[in-house]
Amino acid sequence: MSVPNVFISYSHDTQEHKKWVLDLATRLRNSGIDAIIDQWELEPGDDLPHFMETHLARADRVLMVCTERYVEKANSGSGGVGYEKMIVTSDLLSRIDSNKVIPIVKQNGSNGVPTFLKTKVYIDFSKAEDYELSFDNLVRSIHGAPLFKKPEIGNNPFKSIEDSAPEQNNDLAMDIFNVIVARYENGHNLTEDIAIPKHLNCSRIIYDIHLKKLIEEGMARLSRGYVSITEKGKQFAANQGLVS
């Protein structure tokens, strides 16, 4: 899995704030994220616009650390923050559904973000006591590893067996049922249980699991090592066009 590249945009409000951003970037790198900030990359004489253009363009995500001063600069389009805002806005306009930018609210007593980020969901770092929770949320977002994952959709519990194959999500169960039907149509009321997985060339354990489902749904029965079709199974086979 590739390492996500993250560019951190912030304003140089105070030495304390610069240290806070430096610590954040360090922790991100320690968490498997290639965090980029000017404090590591720029030397005297380097070209600032080139630095911003290069790293903003190649970044997977952009963190915008929103302090009151940062918001003011972004809205007025002044300084490096304003230049970064111009680049990011252009990128977002070309990919309107982009979630590339993650606003980070750092100021106390205000949830303000630049006007062009008003619709974005932000992560609140304004309270020191909630730092670890906010940091975990940020890292999970960047790595695409949410704390809670959407569960798969199950079967409709009210759908009748006549309307839908119980094994519709299970091709092997249908294959087993088709073998039982074919054998019955050929005059064999009973099919040797051990012969079916050999015929289908499948694992005996997996076969047992799917046969059990057919039995539980009343489609087949197992007795003394032989499998047979039930009346319900016959009706289902006819309804589904498996026989003519």
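Preceding this paragraph is the structure being described.
In this numbering scheme, every chain counts its residues from 1 along its sequence in written order. At least 70 in pLDDT is required for a residue's local features to be given in this predicted model, at least 80 for side-chain atom pairs to be given and counted, and no such filter applies to totals for whole chains, interfaces and linings, which use all residues. Processing note: side-chain calculations cover all non-hydrogen atoms of the structure and skip hydrogens and water entirely.

J.: Sorry, what's going on with the sheet that holds strand β8 (residues 226-229) here?
T.: Paired strands are those between which DSSP finds at least two bridges. Strands here are runs of E lasting at least two residues and helices are runs of H or I lasting at least four, both read from the DSSP assignment and numbered beginning at the N terminus. Spatially, the three strands line up as an open sheet ordered β6-β8-β7, and their pairing is antiparallel. Sheet topology places β6 (191-192) and β7 (220-223) at the edges, where each strand pairs with a single neighbour. In what follows, a contact means two residues having at least one pair of non-hydrogen atoms within 4.5 Å. Only the stretch in contact is used when fitting a helix axis, every axis being a line fitted to C-alpha atoms; angles between N-to-C directions are given from 0 to 180 degrees. Along the sheet, helix α7 (residues 171-185) makes contact with β6, β7 and β8, crossing β8 at roughly 80°.

J.: Sorry, what's going on with the nonpolar core here?
T.: Side chains that are nonpolar tend, in soluble globular proteins, to be buried together. Counting residues in hydrophobic clusters, the biggest one holds 22 residues, and the most contacted among them are Ile8, Leu28, Leu63 and Leu138. Those elements giving two or more residues to this core turn out to be β1 (5-9), α1 (15-30), β3 (61-66), β4 (101-105) and α6 (131-143). What Ile8 contacts, discounting residues up to four positions off in sequence, is Val21, Ala25, Leu28, Ala35, Ile36, Ile37, Leu63 and Val65. Each nonpolar core is a collection of buried residues, namely Ala, Val, Leu, Ile, Met, Phe, Trp, Tyr and Cys, held together in the definition by side-chain atoms within 4.5 Å. With a 1.4 Å probe rolled over the protein chains alone, any residue whose accessible area is under 20% of its type maximum counts as buried; one over 50% counts as exposed, and the rest are partly exposed. Ile176, Val227, Ile229 and Ala237 belong to the second-largest nonpolar core, a separate cluster that totals 16 residues.

J.: Could you clarify how one ought to interpret the packing of α1 against α6 in this entry?
T.: Axes are the key here: two packed helices are described by the angle between their axes and the distance separating the axes. At a closest axis distance of 11 Å, the pairing of α1 and α6 adopts a crossing angle of 50°. Classified by the angle their axes make, α1 and α6 are oblique. Judged by the sense of rotation from one axis to the other, the crossing of α1 with α6 is right-handed. Contacts between α1 and α6 pair Trp20, Leu24, Arg27 and Leu28 from the former with Tyr131, Glu132, Phe135, Leu138, Val139 and Ile142 from the latter. Any angle from 65 to 115 degrees is called roughly perpendicular, while one under 35 is roughly parallel, one over 145 is roughly antiparallel, and all others are oblique. By convention the crossing between two helices is left-handed if the near helix lies anticlockwise of the far one by an angle smaller than a right angle, and right-handed if it lies clockwise.

J.: How should the packing of α7 against helix α9 (residues 204-216) be read in this particular structure?
T.: Relative orientation of the contacting elements α7 and α9 amounts to 75°, with a least axis distance of 9 Å. Relative to α9, the element α7 is oriented roughly perpendicular. Residues Leu172, Ala173, Ile176 and Phe177 of α7 pack against Ile206, Tyr207, His210, Leu211 and Leu214 of α9. For the contact of α7 with α9, a count of residues per class yields eight nonpolar, one polar and no charged. When residues are sorted by character, Ala, Val, Leu, Ile, Met, Phe, Trp, Tyr, Cys and Pro go into the nonpolar class, Asp, Glu, Lys and Arg into the charged class, and all the rest, Gly among them, into the polar class.

J.: Even after reading the chapter, I still don't get the sheet that holds β1, so can you show me in this structure?
T.: Remark on secondary structure: sheet strands pair via backbone hydrogen bonds, oriented parallel or antiparallel. Here we have five strands laid out as an open sheet, ordered β2-β1-β3-β4-β5, and parallel in their pairing. The open sheet has two free edges, formed respectively by β2 (34-36) and β5 (123-124), since each of these has just one partner strand. Strand direction decides the pairing type here: β1 and β2, joined by three bridges, are parallel. In the sheet register, Asn5 faces β2, and the bridge partner there is Asp34. Along the sheet, α1 contacts β1, β2, β3 and β4; its crossing angle with β2, the most-contacted strand, is approximately 160°.

J.: I would appreciate a short explanation of the environment of Glu217 in the present structure.
T.: Inspection of the secondary structure puts Glu217 in the loop between α9 and β7. In sequence terms Glu217 and Lys232 are 15 residues apart; their C-alpha atoms lie 9.0 Å from each other.

J.: Got a minute to help me understand α9 in this structure?
T.: An α-helix turns once per 3.6 residues; consequently, residues spaced three or four apart project the same way. A helix is expected to span 1.5 Å for every residue after the first. Helix length check: α9, at 13 residues, gives a terminal C-alpha distance of 18 Å against a target of 18 Å (1.5 Å per residue), a fit within 8%. Within the sequence span of α9, burial applies to Tyr207, His210, Leu211 and Leu214. The buried residues of α9 occupy an angular sector of 105° when the element is viewed end-on, so they sit on one face. Residues of α9 that are exposed and angled more than 90 degrees away from the buried face: Ile205 and Glu216. Along its buried surface, α9 packs onto α7, α8 (195-200), β7 and β8. Pairs of N or O atoms are called polar contacts if they sit within 3.5 Å, as long as, within protein, a hydrogen donor faces a hydrogen acceptor (for residues adjacent in sequence, only side-chain-to-side-chain pairs). One side-chain oxygen of the residue at the start of α9 lies 3.2 Å from the amide nitrogen of Ile205, identifying that residue as Ser203. Positive backbone phi, at 75°, marks Gly218, one or two positions downstream of α9. For this quantity, the arc is that covered by the directions from the helix axis to the C-beta atoms.

J.: Got a minute to help me understand the packing of aromatic side chains in this structure?
T.: Two aromatic rings are characterised by how far apart their centres lie and by the angle between their planes. Whether two aromatic rings pair depends on their centres lying within 6.5 Å, for rings of Phe, Tyr and Trp, where Trp uses its six-membered ring; planes under 30 degrees apart make the pair stacked, over 60 edge-to-face, and the rest tilted. Under the definition given, this model contains six aromatic pairs. Seen in terms of ring centroids, Trp20 and Tyr131 are 6.1 Å apart; in terms of plane orientation they differ by 90°. Their pairing is edge-to-face. Taken together, the residues span a long stretch of sequence, with Trp20 in helix α1 and Tyr131 in helix α6 at a distance of 111 residues. Tyr131 shares its class with Trp20; the two are buried. Between Phe125 and Tyr131, the ring centres sit 5.3 Å apart and the planes meet at 75°, which makes this aromatic pair edge-to-face. What makes Tyr131 buried here is its relative accessible area of 16%. Through successive ring pairs, a cluster of aromatic residues spans Trp20, Phe125, Tyr131 and Phe135.

J.: Can you walk me through unusual backbone geometry in this structure?
T.: Glycine aside, negative phi is the norm for most residues, and most peptide bonds take the trans geometry. Positive phi is not limited to glycine here, since Asn201 has a value of about 55°. Following the sequence through the fold, Asn201 ends up in the loop between α8 and α9. Take Asn201: its relative accessible area is 72%, and that puts it in the exposed class. Phi angles above zero are rare outside glycine, and Arg224 is one such case at about 55°.

Remember, this is a structural readout, not a statement about activity or role.
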